[in-house]
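Residue-level structure breakdown
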Amino acid sequence: MIEPKVKGRLTIRVTAVLMMASALLELLSINTEAVLFGGVRGGTAMVIYHLTYVVAFLLVGIGLWIARPWGYWAVMATTALYTLDKAQFLLARESLRSYVVQMVSSIGPQLSEAVPTSELVTLVTALYSSFVICWWGFALYIHLRRRYFGFAREGADAPGLET
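Here's a quick rundown of the structure. (Residues numbered from 1 in each chain as written. Predicted model: local features only at pLDDT ≥ 70, side-chain atom pairs only at ≥ 80, totals over all residues. Heavy atoms only, no water.)

Our focus in this paragraph is helix H4 (residues 93-107). In this model H4 runs 21 Å from its N-terminal to its C-terminal C-alpha over 15 residues, within 8% of the 21 Å that 1.5 Å per residue would give. Where H4 is concerned, the buried positions are Ser95, Leu96, Tyr99, Val100 and Val104. Viewed along the axis of H4, the buried residues span an arc of 165°, placing them on a single side of the element. Once H4 ends, the next one or two residues include Gly108, with phi positive near 155°. (Helix = DSSP H or I, 4+ residues; strand = E, 2+ residues; numbered from the N terminus. Expected span 1.5 Å × (residues − 1). Buried < 20%, exposed > 50% of the residue type's maximum accessible area, 1.4 Å probe, protein only. Arc of directions from axis to C-beta.)

Looking now at the packing of aromatic side chains. Going through the model one piece at a time under the given rule, you end up with twelve aromatic pairs. Ring geometry for Tyr128 against Phe131: centres 5.5 Å apart, planes inclined by 75°, an arrangement best described as edge-to-face. Of this pair, Tyr128 and Phe131 both sit in helix H6 (residues 117-144), three residues apart, which is roughly one turn of the helix. Owing to a relative accessible area of 19%, Tyr128 belongs among the buried residues under this scheme. By relative accessible area, which is 32% here, Phe131 ends up partly exposed. Clustering of aromatic rings is evident, with ring pairs tying together Tyr49, Tyr53, Phe57, Tyr82 and Trp135. The positively charged end of Arg13 is found above the aromatic ring belonging to Trp65, 4.0 Å away from the centroid. One Lys or Arg, Lys86, reaches over the ring of Phe89 and ends 5.7 Å from the middle of that ring. (Phe/Tyr/Trp six-rings, centres within 6.5 Å; stacked < 30°, edge-to-face > 60°. Lys NZ or Arg CZ within 6 Å of the ring centre and 35° of its normal.)

It is worth spelling out the nonpolar core at this point. Ranked by internal contacts, the top residues of the largest apolar core, which has 38 residues, are Leu64, Phe89, Leu96, Val100, Ile142 and Phe149. Contributing elements (two or more residues each) for this core: helix H1 (9-28), strand E1 (34-36), helix H2 (43-66), helix H3 (69-91), H4 and H6. Looking at this core element by element, the count peaks at nine residues for H6. What Phe89 contacts, discounting residues up to four positions off in sequence, is Val35, Leu96, Tyr99, Val124 and Tyr128. (Core = buried A, V, L, I, M, F, W, Y, C linked by side-chain atoms within 4.5 Å. Contact = heavy atoms within 4.5 Å.)

Let us now look at the environment of Thr79. With respect to the helices and strands, Thr79 occurs in helix H3. The spacing of Thr79 and Trp135 is 56 residues in sequence and 6.1 Å in space, taken between C-alpha atoms. Setting aside its immediate chain neighbours within four residues, Thr79 contacts Trp135, Trp136 and Ala139.

With that out of the way, let us pick up the packing of H1 against H2. Relative to each other, H1 and H2 sit at 160°, their axes nearing to 8 Å. Viewed along their axes, H1 and H2 adopt a mutual orientation that is roughly antiparallel. Note on packing geometry: the crossing formed by H1 with H2 is left-handed. Residues Ile12, Arg13, Thr15, Ala16, Val17, Met19, Met20, Ser22, Ala23, Glu26 and Leu27 of H1 lie in contact with H2, whose contacting residues are Tyr49, His50, Leu51, Tyr53, Val54, Phe57, Leu58, Val60, Gly61, Ile62, Leu64 and Trp65. Class assignment of the residues belonging to the contact of H1 with H2 gives a composition of 17 nonpolar, four polar and two charged. (Axes fitted to C-alpha atoms, helices over the stretch in contact; angles between N-to-C directions. Parallel < 35°, antiparallel > 145°, perpendicular 65-115°, else oblique. Left-handed = near helix turned anticlockwise from the far one by under 90°. Nonpolar A, V, L, I, M, F, W, Y, C, P; charged D, E, K, R; others polar.)

With that settled, consider the packing of H4 against H6. At a minimum axis separation of 10 Å, H4 and H6 run at an interaxial angle of 105°. One finds that H4 runs roughly perpendicular with respect to H6. Mapping the contact onto sequence places Arg93, Leu96, Arg97, Val100, Val101 and Val104 in H4 and Thr117, Leu120, Val121, Val124 and Thr125 in H6. A class-by-class count of the residues in the contact of H4 with H6 yields seven nonpolar, two polar and two charged.

This is the structure:
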């Protein structure tokens, strides 16, 4: 069993709750089209995309809450998934542009008239890039706090290779 005074426990537990809330929000957005493999996708691909994130966020949330070694790996795997997803999102520039135009037009024509599309694409690129950086910062934090997940000591070379 885990000792109650492991450093970072409150932060990790709060994050667990937020990850479960993210899963719920992802489920609520299941009908929102997704930029995937160079195009804006709907239908079955869109549903699978959102359900993948629902499962990933739930696994991370539960893994963080119950503090098992697989929770550590869930964070690392979801970080990799999120990074690859956002990289393909940002590299498909024409699809990204179409997505931004579609989102802006759903808000209202005043915004699309007030701000050039190229500036909105730049803003979305910066925003999603900062999200990826934050994910990697959190993954690093989890790695530094891997003792929370039951790994033998903070200085262990790699989880599961305790001495």
